[in-house]
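# Descriptive analysis of the structure
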Amino acid sequence: MILSTTINAIGGLALFLLAMLMMTEGLKLFAGEGLKQLLGRFTSTPLKGVLAGVLVTGLVQSSTAVTVAVIGFVNVGLMGLRQGLGVVFGTNVGTTVTGWLVSLVGFGFKIENFALPILALGVALRLGSSSRRNQGLGEALAGFGLFFLGLSILKNSFGSLAQLYGNGVPGFTTNGGVITFLLVGFVITVLTQSSSAAIAIILTAATGGVIGIQPAAAAVIGANLGTTTTAAVAVLRATPNAKRLALGHILFNLITGVVALSLLPGMLWLVAQLADGLDLEGSPAAVLALFHTVFNLLGVVIMLPLTGRLTRLLEKRFRSLEEEAGRPHHLDASLATTPSLAVAGLRAELLRLRDMTNRLVRASMAPSPVAVKAFEQQAAAIHRLVVAVAEFVGTVRTATMSREEGEQLARALRTARYLDEAARLSGTALALHQKLLGSSDAETVAVLQQLFDQIEHCCRLAHQEEPAEDHSDQERLEALEGFEQQYQQTKAELLDAAVSRRQSITVVNQLLGELSGTRRMVEQLVKADRLLRSPALAEAIESEKRQENAA
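Computed from a prediction, not measured in an experiment: that's the story for all the values here.

## Things to note about the overall build of the protein
When helices and strands are counted, the protein shows 23 helices and zero strands. When each of the 551 residues of the protein is scored for burial, the buried share is 48%. Pairs at least 24 residues apart make up 78% of the contacts formed inside the protein by residues separated by at least 6 positions. Carbon and sulfur atoms make up 61% of the accessible area of the protein, which amounts to about 25,800 Å² in all.

This is the structure:
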C-alpha cells in the first residue's frame, strides 16, 4: 500500500512538472514578444519593475524564465540593474499564483470534469493550427489540463497517506519542529527544481491532513529559500550582471525567509484574520496560499526601499577586468559641484582613456593573432568609459563655470568621441592585419606591413606620459603625414593588384573598405591625442583635413 501510494505520488509530481514546463513554453511562444516589450518598456523604476515581474511571472508561471529575460535586458543595457532587481522581487510574488490555482481551483471542483476538456482543446489547437502563436496557446492549454490532472493524482496520494498516518502505520510520522519542515520544503524544491511543485506538494499534504498549518507554513518558507540554489547554480559561469541579479534574488529570499520565520506565529495570526475576512478559513490550501502571498509581499515592502543601496553593493561585486577598465577612476559626484576640479578629473580620465585606446589599436597589429572576443570586450570597456565621461559632463554644475571651463568641457566630449570612434574602428584594423598574416601576395604583404609600421609610429607618439616640449608637436605632424602618404601608396598597390589579377576584385574591395576604416581610426586617435595636448594644433589639423576634402 505504501509503495503504491508513493509511486502514484511520484507519477503525479512528474505530470505536474511536465504541465508546468508546457504552460511556460506555450505562453512564452504565444505572448513572448508582448511580454518582452512589457519588461523592456515598463520597468523605468523598481516599483514598476516589481509590478511587471508579478504580472509576467503570473502569466508564464516561471520565475526562472522571467529572470533569464531580465538578465538579457540588463546585459545589453535595455534595463539597469536597479530596475532588474525590482522585476526579480516581483517574480517572487508572481510565483504565488500557482498556490492560488492549486487552492481555489484544484480543491474547489471535481478536477477531471474540466481538466480533460481543456487538455483535449489544447492538443487539438496544438496539432491543428498552422500559426506558431496558436500552437503556443494550445501547448499552454494542454499544460493547464495536465496541471490539474497531476494535482488530482497528488491529492489522492496524500489522501491515502493521511489515512495510513491515521491508522498508525509503523515508522510513519510527521512530528518535527519548524526547522525540520523548513528543511523539508527546501529539499523538495532542490530535488524538483521548481518551487511551484514544492508548494503544490505542501498544499496537497496540508489539505489531506498529513501536516498542520504551522509546519506547512514553515515548509512554504523553505520552498522559497530552495529557489536560491537554482539561481546560484545557474550563474556559476555566467556574466557579472547575471551573478549580481542572482545574488539579489538570493538576498531577497534569505531576508524575507528569516523575517517570516522569526515572525511566524504573528504572521499566521494575521493570515488567519485575513482568511476569516475572505471566508477562506475552511481551506488549508487557501490559507497557505494567502500566507505565501503575504510573506512575499512583506519581502517587497522590506527590500524595495533598499533597492538603491543593494544596487550599489552588487555593482561592486563580480567585476570583470573589462568592467573594471570601463569604470571611471578619476571621476565622482563630489567633483561635479566644482567646475575646476571637474575639468582636472576629466583630463586625468581622458588621458587614461587615450592610453586604453592606444593599447587596443596596437593590439590590432600584434604579431600573433588576437582573440576576437577579448578584443571586442576591450572595445566595449572603452565605450562604457566614454559613456561614463559624457554622463559626468552632464552633471557638472554650470552656474559658477567660466567660459574657458565650459570650452574645456566641450573639448572633453569631443576627445571622448574621437577615442570611442578609434576604438570602434580598431576592429577593421584587426581584420586588415589578419588578412595581412594570411596573404600569399608578397607585394601586398609588404605594402600593408609598411602601413602598419606607420600606425605603430603614430601610436608610440600618442602615449600616457607627457612628451618633451622641443619636438612633440612637429613629430606628430610628420608622423601623420607619413601615415597618409603610406595610405595612398597602399591604396594604389591594392588597386594595381586587382588590375594585374594578383587579387580578386572582391578581396580588394574588402581590403579597401578595411583600409579606409583603419585610416579613420588613426586620424581619430591622433586628433584626440592632440586635442588633449594642444587645442590650437587640433584645430589646425581639422582645417587641413577640410582643405584636403575640398581638393
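## Focus: the nonpolar core
Core analysis: the largest hydrophobic core is formed by 59 residues, its most contacted members being Leu346, Leu353, Phe392, Ile455, Met521 and Val522. Looking at this core, the elements that each hand over two or more residues are helix H16 (333-336), helix H17 (339-363), helix H18 (372-395), helix H19 (403-438), helix H20 (442-461), helix H21 (472-499) and helix H22 (505-533). Broken down by element, the residue count for this core peaks at twelve residues, all from H19. When residues no more than four places from it in sequence are discounted, the contact partners of Ile455 are Val361, Met365, Phe483, Thr518, Met521 and Val522. Listed in part, the 48 residues of the second largest apolar core include Leu182, Ile199, Ala260 and Phe295.

## Overview of the confidence of the model for the protein
Confidence in the prediction for the protein averages 77 pLDDT; 77% of positions are at 70 or higher. Confidence scores differ between elements of the protein, with helix H23 (residues 535-550) showing the lowest mean pLDDT of 49 and helix H13 (residues 284-303) the highest of 89. Predicted confidence for residues 165-174 stays below pLDDT 50, and this span has ten contacts to residues more than four positions away or in other chains. For residues 466-471, every residue scores under 50 in pLDDT, and the model assigns this stretch six contacts once sequence neighbours within four places are set aside.

## Re the side chain of Gln524
Counting through the fold element by element, Gln524 comes out in helix H22. Beyond its immediate chain neighbours, meaning those up to four positions away, Gln524 contacts Tyr418, Glu421 and Ala422.

## Structural notes on helix H8 (residues 178-192)
With 15 residues, H8 should cover 21 Å at 1.5 Å per step; its first-to-last C-alpha distance of 21 Å lies within 8% of that length. Of all the residues in H8, the buried ones are Phe181, Leu182, Gly185, Ile188, Thr189 and Thr192. Down the axis of H8, the buried set is contained in an arc of 130°. They therefore lie on one face. Facing away from the buried side of H8 by more than 90 degrees, the exposed set consists of Ile179 and Leu191.

## As for the pattern of salt bridges
Counted by the stated rule, this structure contains 13 salt bridges. In this structure, the salt-bridge partner of Arg352 is Glu349, at a minimum N-O distance of 2.6 Å. Of this pair, Arg352 and Glu349 both sit in helix H17, three residues apart, which is roughly one turn of that helix. What makes Arg352 buried here is its relative accessible area of 13%. On the basis of relative accessibility, which here comes to 0%, the residue Glu349 falls in the buried class.

## A closer look at a positive patch on the surface
Taken together, the side chains of Arg82, Arg309, Arg312, Lys316 and Arg317 make up a positively charged region of the molecular surface. Mapped onto the secondary structure, Arg312 falls in helix H14 (residues 307-315).

## Describing the packing of H18 against H19
Put simply, H18 and H19 touch, their axes get as near as 9 Å, and they point 170° apart. Put simply, H18 runs roughly antiparallel to H19. Contacts between H18 and H19 pair Val372, Phe375, Ala379, Ile382, His383, Val386, Val389, Ala390 and Val393 from the former with Leu409, Leu413, Ala416, Leu419, Asp420, Ala423, Ser426, Gly427, Leu430 and Gln434 from the latter. Class assignment of the residues belonging to the contact of H18 with H19 gives a composition of 14 nonpolar, four polar and one charged.

## Side note on unusual backbone geometry
Even without being glycine, Arg501 reaches a positive phi, approximately 65°. Looking at the secondary structure, you find Arg501 in the loop between H21 and H22. Arg501 sits in the exposed class, given a relative accessible area of 76%.

## Side note on the side chain of Glu421
Tracing the backbone through its elements, the reader meets Glu421 in helix H19. Assessed through its relative accessible area of 18%, Glu421 is described here as buried. A distance of 2.8 Å separates a polar atom in the side chain of Glu421 from a polar atom in the side chain of Arg424. The contact partners of Glu421, leaving out residues within four places of it in the chain, are Arg520 and Gln524.

## Quick notes on the packing of H19 against H22
The contact between H19 and H22 brings their axes to 7 Å, and the two run at 150°. Where H19 crosses over H22, the handedness of that crossing is left-handed.

## Considering helix H4 (residues 81-94)
In a regular helix each residue adds 1.5 Å, so 14 residues correspond to 20 Å; H4 covers 20 Å between its end C-alpha atoms and thus fits that length. Along H4, 13 of the 14 residues are buried, which leaves the element largely enclosed by surrounding structure.

## Regarding the state of the cysteines
Evaluation of the coordinates by the stated rule reveals zero disulfides. Free cysteine Cys458: the closest other cysteine sulfur is in Cys459, separated by 7.0 Å. The exposure class of Cys458 is buried, given its relative accessible area of 7%. Relative accessible area serves as the criterion here: at 1%, Cys459 is assigned to the buried category.

## Remarks on the environment of Leu254
Relative to the helices and strands, Leu254 resides in helix H11 (residues 240-262). Owing to a relative accessible area of 41%, Leu254 belongs among the partly exposed residues under this scheme.

## Section: the packing of aromatic side chains
Counted by the stated rule, this structure contains two aromatic pairs. Between Phe89 and Phe252, the aromatic rings sit 5.0 Å apart at their centres with planes inclined by 20°, giving stacked as the arrangement. Placement of Phe89 in helix H4 and of Phe252 in helix H11 is noted, with a sequence separation of 163 residues between them. You'll find Phe89 and Phe252 in the same group, each marked buried. Relative to Phe295, the ring of Phe291 lies with its centre 5.5 Å away and its plane at 45°, an arrangement referred to as tilted.

About the criteria used
Residues numbered from 1 in each chain as written. Predicted model: local features only at pLDDT ≥ 70, side-chain atom pairs only at ≥ 80, totals over all residues. Heavy atoms only, no water. Helix = DSSP H or I, 4+ residues; strand = E, 2+ residues; numbered from the N terminus. Buried < 20%, exposed > 50% of the residue type's maximum accessible area, 1.4 Å probe, protein only. Contact = heavy atoms within 4.5 Å. Areas by Shrake-Rupley, 256 points an atom, 1.4 Å probe, with all protein chains shown as cover. Core = buried A, V, L, I, M, F, W, Y, C linked by side-chain atoms within 4.5 Å. pLDDT = per-residue confidence, 0-100. Expected span 1.5 Å × (residues − 1). Arc of directions from axis to C-beta. Salt bridge = Lys/Arg side-chain N within 4 Å of Asp/Glu carboxyl O. Patch = residues over 30% accessible without salt bridge, like charges linked within 9 Å, V, L, I, M, F, W, Y side chains within 5 Å. Lys, Arg positive; Asp, Glu negative; His and termini not counted. Charge placed at Lys NZ, Arg CZ, Asp CG, Glu CD. Axes fitted to C-alpha atoms, helices over the stretch in contact; angles between N-to-C directions. Parallel < 35°, antiparallel > 145°, perpendicular 65-115°, else oblique. Nonpolar A, V, L, I, M, F, W, Y, C, P; charged D, E, K, R; others polar. Polar contact = N/O pair within 3.5 Å; in protein donor to acceptor, adjacent residues only side chain to side chain. Left-handed = near helix turned anticlockwise from the far one by under 90°. Disulfide = S-S within 2.5 Å. Phe/Tyr/Trp six-rings, centres within 6.5 Å; stacked < 30°, edge-to-face > 60°.

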